[in-house]
Amino acid sequence: MNKTYKHLKLSAAALALSVGVAQAADVEVLHWWTSGGEAAALNVLKQDLEGQGIGWQDMPVAGGGGTEAMTVLRARVTAGNAPTAVQMLGFDILDWAKEGALADLNATAAAEGWDAVVPEALQAFAKHDGKWISAPVNVHSTNWVWANKAVLDANGISAPTTWEEFVAAVETLHDAGVTAIAHGGQAWQDATVFDAVAMSTGGPDFYKAAFIDLDPTALGSDTMKEAFDRMAFIRDHVDENFSGRDWNLATAMVINGEAGFQMMGDWAKGEFLNAGKVPGEDFLCFRFPGTGSQVTFNADQFAMFDQGGPVSAEQAALASAILSPSFQSAFNVVKGSVPARTDVSDEAFDACAKQGMKDLAAASASGNLFGSMAHGHAAPASVKNAIYDVVTAHFNGEYDSATAVTELVEAVSIAQ
Ligand code: BGC
């Protein structure tokens, strides 16, 4: 909707209210929730708003991690036609806030006490200059493995807890003629796996030094070379059609018993649930081997774009709906994530989410909670994209591990 039309619409709404007739305005929401599980979760939000008389204009831009969505957003804002609300991750939110593009949600946040219930790790990306500038929907994490239980059982495999056990399990499946690892060869998916592999290879101090502090010594270390060697092992155990595959199609391979494992954030669980599968019976969820105490998180938030005045009534209503405890439970049960508030009961959640909530609290308390590099919570987009390029080039055989390390140090240095 262009701005002129929107203003006309809003004045129509104001007029209708002044004569006592309820008239809702719409929200236009840009997001990348296009898979079956994601769409099911999005419906929870749409219906919540429709219940309040607020219409929904959908602006989906496919592509996990949101790279494509962020490109479309930039074009829309440049054209003076920003959407009402935009799904966004970590550093992207802060970048837009610094440009002065985001509406101030402080009034809603204060009235509803967000400061007391949203974890600090999320507030770091939801506030800028003392102002709330986005509404956190959830907490996902990237260091998960999803497994087909029947495939594992048939091959005498139980959930591996160390890299060595994982290697043995993958080789057992491979020798049995089963695709061990379902993967989609897209840069953001390669990077999602790399999050977990780097954490497992070097531990939390290494992960932080490399991806959050961007320390050239960690980026250029033998440990990083070992992480790339492990990526090469993974590359050797995906099927030959992996290139370009969407993440949810890789998840479907595990759901259908065509592959043993997928390493992916817990949005993958939304696909299993959407297919009617039950955790513990049909599929297993466990932390990437060697990262049992750590959580690499990303949180989806909705940033409200300044529409040329104070935050609009619809934007405030959307933010309020997102943060309501009942919505946080209903939405995240379907999405695969866990609530962005610390005071939501885990009662409605399945076993994987209950573990996710426990892991998150424990990791936060023990200093083992880190922003996901792959999903924009460790470093700004310029650095993230530079890491993507190197990880993907290595995954596709363009670089050996030693070259990848050298390229990584250089790419990160140039991107800063
Ligand atoms: C988002 C998830 C989404 C996933 C795949 C991630 O960056 O945080 O909400 O499901 O991408 O599209």
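In this text, all values refer to a predicted model and were calculated from it rather than measured experimentally.

Conventions adopted
Residues numbered from 1 in each chain as written. Predicted model: local features only at pLDDT ≥ 70, side-chain atom pairs only at ≥ 80, totals over all residues. Heavy atoms only, no water. Helix = DSSP H or I, 4+ residues; strand = E, 2+ residues; numbered from the N terminus. Expected span 1.5 Å × (residues − 1). Buried < 20%, exposed > 50% of the residue type's maximum accessible area, 1.4 Å probe, protein only. Contact = heavy atoms within 4.5 Å. Disulfide = S-S within 2.5 Å. Domains from an automatic or database assignment. Buried area = accessible area lost by both parts, 1.4 Å probe. Salt bridge = Lys/Arg side-chain N within 4 Å of Asp/Glu carboxyl O. Pairing = 2+ DSSP bridges. Axes fitted to C-alpha atoms, helices over the stretch in contact; angles between N-to-C directions.

1. Side note on helix H18 (residues 381-395)
- Between the first and last C-alpha of H18 there are 20 Å, a value that for 15 residues agrees with the 21 Å anticipated at 1.5 Å per step.
- Of all 15 residues in H18, 11 are buried; the element is thus mostly enclosed.
- Where H18 is concerned, the buried positions are Val383, Lys384, Ala386, Ile387, Tyr388, Val390, Val391, Thr392, Ala393, His394 and Phe395.
- Those residues of H18 that are buried lie in contact with helix H3 (67-78), helix H10 (187-212), helix H12 (222-235) and helix H19 (401-415).
- Positioned one or two residues after H18, Gly397 has a phi angle of 85°, which is positive.

2. Comments concerning the state of the cysteines
- Scanning all chains against the criterion turns up 1 disulfide.
- In this model Cys285 forms its disulfide with Cys352; the gap between the sulfur atoms is 2.2 Å. Across the S-S bond of Cys285 and Cys352 the torsion is about -105°, and the bridge reads as left-handed. You can see Cys285 sitting in strand S11 (residues 283-287) and its partner Cys352 sitting in helix H17 (residues 351-365), a full 67 residues away along the chain.

3. Points about the domain arrangement of the protein chain
- Parsing the protein chain into structural domains produces domain 1 (3-140 + 299-357) and domain 2 (141-296 + 361-415).
- A C-alpha centroid distance of 28 Å is found between domain 1 and domain 2.
- Facing 29 residues of domain 1, the contacting portion of domain 2 comprises 29 residues.
- With both chains or domains summed, domain 1 and domain 2 bury close to 2,200 Å², and 56% of this area falls on carbon and sulfur atoms.
- Three residues stand out in domain 1 for area buried against domain 2, namely Phe91, His140 and Cys352, and they jointly supply 26% of the buried area on that side.
- Joining domain 1 to domain 2, the criterion identifies 1 salt bridge.
- Across the salt bridge formed by Lys269 and Asp350, the nearest N and O atoms sit 3.0 Å from each other.

4. A closer look at the environment of Ala393
- Tracing the backbone shows Ala393 in helix H18.
- Judged by relative accessible area, Ala393 falls into the buried class, the value being 7%.
- If we skip the residues at most four places from it in the chain, Ala393 touches Glu398 and Tyr399.

5. Thoughts on the pairing of strand S8 (residues 144-148)
- Of all the 5 residues making up S8, 5 are buried; the element is thus mostly covered by neighbouring parts of the structure.
- Residues Trp144, Trp146 and Asn148 line one face of S8 and the alternating positions Val145 and Ala147 line the opposite face, and both faces are buried.
- With 5 bridges joining them, S8 and S11 adopt antiparallel strand pairing. For Trp144, the partnering residue across the bridge sits in S11 and is Arg287.
- The pairing of S8 with strand S10 (residues 259-263) spans 3 bridges and is antiparallel. The residue of S10 that forms the bridge with Val145 is Met263.

6. Quick look at the sheet that holds S10
- Taken in spatial order, the 4 strands line up as S9-S10-S8-S11 in an open sheet, and their pairing is mixed. With one partner strand each, in any of the chains shown, strand S9 (179-181) and S11 form the two edges of the open sheet. Sheet twist, expressed as the mean angle between neighbouring strand axes with direction ignored, is 20°.
- Lying on the sheet, helix H9 (residues 163-175) is in contact with S9 and S10; it crosses S10 at an angle near 145°.
- Each of S8 and S11 touches H17; the most contacted strand, S11, lies at about 5° to it.

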